[in-house]
Each structure stands twice: as structure tokens, then as C-alpha cells.
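Results of the structural survey
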Amino acid sequence: MDVMEAIKGRRSIRKYGDKPVNDETLQILLEAARWAPSWANTQCWRFVIVRDKETKSRLADTLKGTRPGRANPATEAVRGAPVVIAACAERGLSGYYKGEDDMSLPATDKGDYWYMFDVALAVHNLSLAAHALGLGTVHTGLMDAAAAGKILGLPQNVTLLELVPLGWPDEQPAPRPRKETSEFVFNEKYP
Ligand SMILES: Cc1cc2nc3c(=O)[nH]c(=O)nc-3n(C[C@H](O)[C@H](O)[C@H](O)COP(=O)(O)O)c2cc1C
């Protein structure tokens, strides 16, 4: 599958079949994540691979909806997917001057928020590779990240960003609409 085909064909998948994802396949996806670019090649992403049913269910319970009383559409995906990848960042690496003694000095006006950028690049590499192999994923960011982080035993310097259910799709969602490029591309100057 070529890159444009993978980019345009990928959908958020929220329903999965029971067929397991074997370790070999998972390794291919983690390899795709491994080759993502990152701030000064600091590679701050950290992944916790969850296969345990009880843990997945507890993680699903930390998801929130976009409004009070509304469930997150990915809740049952996190509960039921054969694998959930918890995508985290080790803090204090991305966004800093590399190798400086004083790592408290951020290199740009974005502080250390570059970690979000780096983890997103790695996770999306993984999502595209999954799609190319016939697997499905959904980026899932709306949750009580502190509660989910506790379940996963994350130390203080590691921040959970996303839970990514992974499995064999049991649905074929239609593409969500996209803006025309003319709506978000400006020539030479922002109007
Ligand atoms: C940072 C981020 C967070 C997201 N969080 C959630 C989420 O909590 N629950 C969910 O169901 N989908 C979530 N999504 C998926 C988006 O809703 C989805 O990507 C978007 O509607 C476009 O659909 P598509 O991925 O099928 O093209 C998230 C996507 C991104 C990039």
C-alpha cells in the first residue's frame, strides 16, 4: 500500500473482532513508531502494551465524553480491543536544548509541549502501519489521564497522552468530511 493510499484509507475504528494481534505484528507497528522524527532525536515516546482484560476495562472506565453524561465513543473499543497501547511521553526531553547541563531551559516558546508533537508523530506512524496491515486503531485522548496513569503505574515524569485500541476491524466507517485545502492554506501571508 502506498503512503497516500494509507493516509486516505485509514479510519478511526471503534469495533473490533475477537481475533488476537500476535507479537510479530505488534513489533512491526512498534518499529513504525520507532522511526518517527522527534525533537533533537530525543524519542521521548513510551508505550505500555495492555492485553489484560481487567486492565483494559479499568482504562475504559476512565474515558470521558465530550459533554457530561455523554460516553466517549471509543469506550467499548478500549474495553474490547485485543490490545490497547497507552502512548506516553517521558517529560523533560523534548523541547529542551540537547545535552545542556541545565535541562530546565526550554529551547522555544512552546516550553516542553513538543513532547505531544513527538508522541503524536510516533502514534500516527503506528496507526498508518496498522491500517496498511489491515488492522484498525483510534486515537483516544479524552479521559481522566491521571486515573489511567495510576492504573498503568506511570512514574511522575511520564505523562499519558492517548489510549490506542488496536485490533482487526469489525466495521467499515465512511470517511469523515475534511475541509478543502483552500480553507486552511494561505499563500505568502495569513489573511
Ligand atoms: C488527538 C486526538 C484525540 C482523539 N480522541 C478521541 C476520543 O477520545 N474518542 C474518540 O472516539 N475519538 C477520538 N479521536 C478520533 C477523532 O474523532 C477522529 O480522528 C476524527 O473524527 C476523524 O475521523 P477519522 O480518524 O476516521 O478520519 C481523537 C483523535 C485525535 C487526533
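Data block above holds the structure.
A brief structural summary. Not measured: the values here are computed from a predicted model.

Observations concerning the overall build of the protein
Helix and strand counts for the protein stand at six helices and four strands. Seen in sequence order, the protein has helices and strands lined up from the N terminus as α-α-β-α-α-β-α-β-α-β. Computed over its C-alpha atoms, the radius of gyration of the protein comes to 18 Å, within 12% of the 16 Å expected for a compact globule of 191 residues. C-alpha extents for the protein along the principal axes are approximately 50 × 45 × 40 Å. Taken over 191 residues, the protein has a buried fraction of 38%.

Describing the site of the ligand
S12, R14, N72, R176 and R178 are the nearest of the 15 residues found near the ligand. In this structure, A74 approaches the ligand through a main-chain N or O atom, which is 3.4 Å from an oxygen atom. Considering the ligand on its own, with 620 Å² of exposed area, one finds that the protein chains cover 67% of that surface. Taken together, the residues that form the shell around the ligand break down as four nonpolar, five polar and six charged.

Describing the packing of aromatic side chains
Going through the model one piece at a time under the given rule, you end up with four aromatic pairs. Taking the centre distance of 6.5 Å and the plane angle of 45° together, the rings of Y113 and Y115 count as tilted. Through a chain of ring-to-ring contacts, the aromatic side chains of W39, W114 and F117 assemble into a single cluster. Geometry around W168 places K19 over its ring, the cationic atom sitting 4.2 Å from the centre.

Comments concerning the environment of R14
Positionally, R14 belongs in the loop between helix 1 (3-9) and helix 2 (23-34). Residue R14 is classed as partly exposed on the basis of its relative accessible area, which comes to 34%. Separated by 59 residues in the primary sequence, R14 and P73 have C-alpha atoms spaced 7.5 Å apart. If we ignore the near neighbours within four places in the chain, the residues touching R14 are P73, A74, A77, V138 and E171.

Let's talk about unusual backbone geometry
Most peptide bonds are trans, and most residues other than glycine sit at a negative phi. The phi dihedral of N41 is positive, around 55°, even though this residue is not glycine. As for its position among the elements, N41 is in the loop between helix 2 and strand 1 (45-50). Taking the relative accessible area as the measure of exposure, N41 reaches 49% and is therefore partly exposed. Backbone geometry at Q43 places phi at a positive 50°, although glycine is not the residue there. One can find Q43 in the loop between helix 2 and strand 1.

A word on helix 5 (residues 114-132)
For helix 5, which comprises 19 residues, the first-to-last C-alpha distance of 27 Å matches the rise-based estimate of 27 Å (1.5 Å per residue) to within 8%. Listed in full, the buried residues belonging to helix 5 are Y115, D118, V119, A122, V123, L126, S127, L128, A129, A130 and H131. On its buried side, helix 5 packs onto helix 1, helix 2, strand 1, strand 2 (83-90), strand 3 (136-137) and strand 4 (158-167). Of the residues trailing helix 5, G134 is marked for its positive phi of about 90°.

With respect to the side chain of T75
Relative to the assigned elements, T75 resides in helix 4 (residues 75-80). On the basis of relative accessibility, which here comes to 12%, the residue T75 falls in the buried class. What T75 contacts, discounting residues up to four positions off in sequence, is A60 and L63.

A look at the pattern of salt bridges
All told, the structure shown has seven salt bridges when counted by the stated rule. The closest approach of N and O atoms between D61 and R79, which form a salt bridge, is 3.1 Å. Of this pair, D61 sits in the loop between helix 3 (53-60) and helix 4 while R79 sits in helix 4, and the two are 18 residues apart along the sequence. Measuring nitrogen to oxygen at the nearest pair gives 2.9 Å for the salt bridge that ties D112 to R91. A residue pair is termed long-range when its members are at least 10 positions apart, and D112 in the loop between strand 2 and helix 5 and R91 in the loop between strand 2 and helix 5 qualify at 21 residues. What makes R91 partly exposed here is its relative accessible area of 29%. Through salt bridges with shared partners, one network takes in D61, E76 and R79.

Reading guide: rules and limits
Residues numbered from 1 in each chain as written. Predicted model: local features only at pLDDT ≥ 70, side-chain atom pairs only at ≥ 80, totals over all residues. Heavy atoms only, no water. Helix = DSSP H or I, 4+ residues; strand = E, 2+ residues; numbered from the N terminus. Rg over C-alpha atoms; globule rule 2.2 N^0.38 Å. Buried < 20%, exposed > 50% of the residue type's maximum accessible area, 1.4 Å probe, protein only. Near = heavy atom within 4 Å. Polar contact = N/O pair within 3.5 Å; in protein donor to acceptor, adjacent residues only side chain to side chain. Areas by Shrake-Rupley, 256 points an atom, 1.4 Å probe, with all protein chains shown as cover. Nonpolar A, V, L, I, M, F, W, Y, C, P; charged D, E, K, R; others polar. Phe/Tyr/Trp six-rings, centres within 6.5 Å; stacked < 30°, edge-to-face > 60°. Lys NZ or Arg CZ within 6 Å of the ring centre and 35° of its normal. Contact = heavy atoms within 4.5 Å. Expected span 1.5 Å × (residues − 1). Salt bridge = Lys/Arg side-chain N within 4 Å of Asp/Glu carboxyl O.

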